[in-house]
Amino acid sequence: MSFDPEAVETIAFDSYGTLVDVSGVSEPLAEHVDDHDPNLVAKLWRERSLSYAMVGNAIEEYDSFYEMNRRALQYALETAGVDVDEDEREEILSTYHELPVFDDVHDGIERLRDAGYDCYIVSNGSEEMLESLLEHADLGGLIEDAVSADEIEQFKPQPELYRYAADRIGTPIEDIAFVAGGWWDVPGGIHAGMQGVWINRQDTLWGPYEMDPDLTIESFHDLADELEG
């Protein structure tokens, strides 16, 4: 399927890895991991956290994403053989409340709003995480609302959260363009009925799926160009 700008009424964004850069945790990790590469530890932390969420979906057990992040951080540190006490782990974990915003986010969303599109967040992040993200990233004036997995206790890429978000936003799901950096997240949105826009922030490969993204972009400005064109 190809992207249909005429069908788009509303835009929904993923949060972590899409609006804010999760690799920002590498700096505080570097203070604790000694001879280990903080980028590799950060990658392991992120991948383990996502794995916990997906397994939680499969076995119908839910805990907030922040709590799973806490457990995933402990796993990553222990796997790297790094001895970090609980207070230091909490300090590292708190970085998720202050992640750096990607350079194209503010100007790109402003262009989309100026073109008449309401913008939302649909995220696995807990409600508390999303509140701090909006405040720290100064996105409160650009984002209409944030929909959290907490509200239905289901994580993406299960279709329930995308469909619940469409209902709460009040836009038919097929009229929502869902924008995400996750190679696993965009297929979930497409499967649920949204148009899937993949912003390849990490220069990675699309998964081995029969479906392709409806649109692949490098920045939010590319999406604005498509919608304005």
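The text that follows walks through the structure, step by step, so that each part is easy to find. (Residues numbered from 1 in each chain as written. Predicted model: local features only at pLDDT ≥ 70, side-chain atom pairs only at ≥ 80, totals over all residues. Heavy atoms only, no water.)

Residue placement: Thr95 occurs in the loop between α4 (86-93) and α5 (105-114). For Thr95, the side chain forms a polar contact with the main-chain oxygen of Ile92, separated by 2.7 Å. Other than its neighbours up to four places away in sequence, Thr95 contacts Gly24, Val25 and Pro28. (Helix = DSSP H or I, 4+ residues; strand = E, 2+ residues; numbered from the N terminus. Polar contact = N/O pair within 3.5 Å; in protein donor to acceptor, adjacent residues only side chain to side chain. Contact = heavy atoms within 4.5 Å.)

Between helix α2 (residues 38-59) and helix α3 (residues 65-79), the least distance of the axes is 8 Å, while the angle of their chain directions is 135°. Relative to α3, the element α2 lies oblique. The handedness of the crossing between α2 and α3 is right-handed. Between α2, through Val41, Leu44, Trp45, Arg46, Arg48, Ser49, Leu50, Tyr52 and Ala53, and α3, the contact on the second element is made entirely by Phe65, Met68, Asn69, Arg71, Ala72, Leu73, Tyr75, Ala76, Leu77 and Thr79. Split into classes, the residues belonging to the contact of α2 with α3 amount to 13 nonpolar, three polar and three charged. (Axes fitted to C-alpha atoms, helices over the stretch in contact; angles between N-to-C directions. Parallel < 35°, antiparallel > 145°, perpendicular 65-115°, else oblique. Left-handed = near helix turned anticlockwise from the far one by under 90°. Nonpolar A, V, L, I, M, F, W, Y, C, P; charged D, E, K, R; others polar.)

All chains considered together, the criterion is met by eight aromatic pairs. When the centroid spacing of 4.8 Å and the interplanar angle of 25° are considered together, the rings of Tyr62 and Phe155 count as stacked. Placement of Tyr62 in the loop between α2 and α3 and of Phe155 in the loop between β3 (145-148) and α7 (159-169) is noted, with a sequence separation of 93 residues between them. On the basis of relative accessible area, Tyr62 is assigned to the partly exposed category, the value being 24%. Judged by its relative accessible area of 1%, Phe155 falls in the buried class. Pairwise contacts between aromatic rings join Tyr16, Trp45 and Tyr96 into one cluster. Geometry around Phe102 places Arg201 over its ring, the cationic atom sitting 4.1 Å from the centre. It is Arg201 that lies over the ring of Phe220; its NZ or CZ is 5.1 Å from the centre. (Phe/Tyr/Trp six-rings, centres within 6.5 Å; stacked < 30°, edge-to-face > 60°. Buried < 20%, exposed > 50% of the residue type's maximum accessible area, 1.4 Å probe, protein only. Lys NZ or Arg CZ within 6 Å of the ring centre and 35° of its normal.)

This paragraph deals with unusual backbone geometry. Between Lys156 and the following residue, Pro157, the backbone shows a cis peptide bond with an omega angle of 15°. Relative to the elements of secondary structure, Pro157 occurs in the loop between β3 and α7. Positive phi, normally seen in glycine, also occurs at Glu60, with a value near 60°. Topologically, Glu60 is positioned in the loop between α2 and α3. The exposure class assigned to Glu60 is exposed, which follows from its relative accessible area of 72%. The backbone of Asp138 shows a phi angle near 55°, a positive value even though the residue is not glycine.

Further remarks concern the pattern of salt bridges. Counted by the stated rule, this structure contains twelve salt bridges. Here Arg71 makes a salt bridge to Glu67, at a shortest N to O gap of 3.4 Å. A residue pair is termed a helical-turn pair when its members lie 3 or 4 positions apart in one helix, as Arg71 and Glu67 do in helix α3 at four residues. By relative accessible area, Arg71 is classed as partly exposed at 44%. The closest approach of N and O atoms between Asp225 and Arg111, which form a salt bridge, is 2.8 Å. With a gap of 114 residues between them, Asp225 in helix α9 (residues 220-228) and Arg111 in helix α5 connect regions that are remote in the sequence. Through salt bridges with shared partners, a single network forms among Asp63, Glu67, Arg70, Arg71 and Glu90. (Salt bridge = Lys/Arg side-chain N within 4 Å of Asp/Glu carboxyl O.)

Bringing the nonpolar core into the picture now. One finds Ile11, Phe13, Leu29, Trp45, Ile109 and Leu223 to be the most contacted residues of the largest nonpolar core, which totals 75 residues. For this core, the element with the highest residue contribution is α3, accounting for seven residues. Dropping the residues within four chain positions of it, Phe13 is found in contact with Leu19, Ile109, Leu112, Cys119, Tyr120, Ile121, Val122, Ile143, Phe178, Val179 and Phe220. (Core = buried A, V, L, I, M, F, W, Y, C linked by side-chain atoms within 4.5 Å.)

Another aspect to go through is the packing of α7 against helix α8 (residues 185-192). Interhelical geometry of α7 versus α8 gives an angle of 60° and a closest axis separation of 8 Å. As for how α7 packs across α8, the hand of that crossing is right-handed. Note on element contacts: α8 touches α7 through Asp185, Gly188, Gly189, His191 and Ala192, opposite Pro159, Tyr162 and Arg163. Class assignment of the residues belonging to the contact of α7 with α8 gives a composition of three nonpolar, three polar and two charged.

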